[in-house]
Structure formats: structure tokens, C-alpha cells
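# Close look at the chain arrangement
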Amino acid sequence: IHGKIHEPKNIVDSFSKGTDANDLDAQWLKKNIAIQTLPNGICTLPIIQGKCPHANACFTCSHFRTDDRYLPEHKRQLEKTDKIIEIAKKNGWKRQLEMNERLRDNLIAIIRPLEDTHGA
């Protein structure tokens, strides 16, 4: 939102670092950032701010509507979310894992009926 360019490889590298418990960058990320995917990016809300009242709110809102036109976008978000879940499991990041598993479940609940209905 401030116009700063972040190279995709650097973002991925920053999330995947930290298999070493002594890696200070990984420990900071684990303790300070609640990573989760969005359809058009990622959220890096500082954990100290607590649970985000908006985080992927549409996927839990009874007013949210979608259809098969958005199926590719939902699938891309599911793929990104699965990658974050894999990294969180690998590094023992419980908060990030919990948030993204909930998002994954919601995305699957959206995707499956769209695929079944429209033969995707």
C-alpha cells in the first residue's frame, strides 16, 4: 500500500527460512507476523495486534456470494494457502497454521460445490 516493490522470491524465502530454531529472522516472523493469503496478496498482520476482525472475513460472512466465474481465483488462493500451511507445519508455527487451516476449510467448502455444479 506504500508503493514498495517486494520481489516474489524474497517473500517466499522469508517465509521458508527458519528450519533452524536459532535463526533469529524465522523466530521473529513466527512470533510477530500472522501470515495468511488473500486473493490478491498476503496479510502480514503483527500478531501483537491480536486476531484480525477482517482477515478473509468474506469467507466466513453469510452475505458472501460467489459463482464459477471466480473458481480459478479461489483455487489459486487455496494453492497459496496450502503452501503457507506446509511452511507453518515445517516450522511449528501454530498460530499461522490454525488461521490458514480454517481458511483452507472455507475455501474447500466454496470450491467443491462450484466444481460439482459446473463440472470444473
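See the structure printed just above.
These lines cover the structure that appears in this document, whether it is placed above or below. Fair warning: this is a prediction, and the values are worked out from it, not measured in the lab.

Using the criterion set out here, one finds four salt bridges in the structure. A salt bridge links Glu115 to Lys75, with the nearest nitrogen and oxygen atoms 2.9 Å apart. With a gap of 40 residues between them, Glu115 in helix 4 (residues 94-118) and Lys75 in helix 3 (residues 71-91) connect regions that are remote in the sequence. For Lys75, a relative accessible area of 28% puts it in the partly exposed group. Ionic pairing is found between Arg104 and Asp105, a salt bridge with its closest N-O pair at 4.0 Å. A relative accessible area of 21% places Arg104 in the partly exposed class.

Once that is clear, we can look at helix 3. Relative to the 30 Å expected for 21 residues at 1.5 Å per residue, helix 3 spans 30 Å between its end C-alpha atoms, a close match to the ideal helical length. For helix 3, the complete set of buried residues consists of Leu71, His74, Gln77, Leu78, Thr81, Ile84, Ile85, Ile87, Ala88 and Asn91. Gly92 occupies a position one or two residues after helix 3 and carries a positive phi of about 70°.

Criteria and thresholds
- Residues numbered from 1 in each chain as written.
- Predicted model: local features only at pLDDT ≥ 70, side-chain atom pairs only at ≥ 80, totals over all residues.
- Heavy atoms only, no water.
- Salt bridge = Lys/Arg side-chain N within 4 Å of Asp/Glu carboxyl O.
- Helix = DSSP H or I, 4+ residues; strand = E, 2+ residues; numbered from the N terminus.
- Buried < 20%, exposed > 50% of the residue type's maximum accessible area, 1.4 Å probe, protein only.
- Expected span 1.5 Å × (residues − 1).

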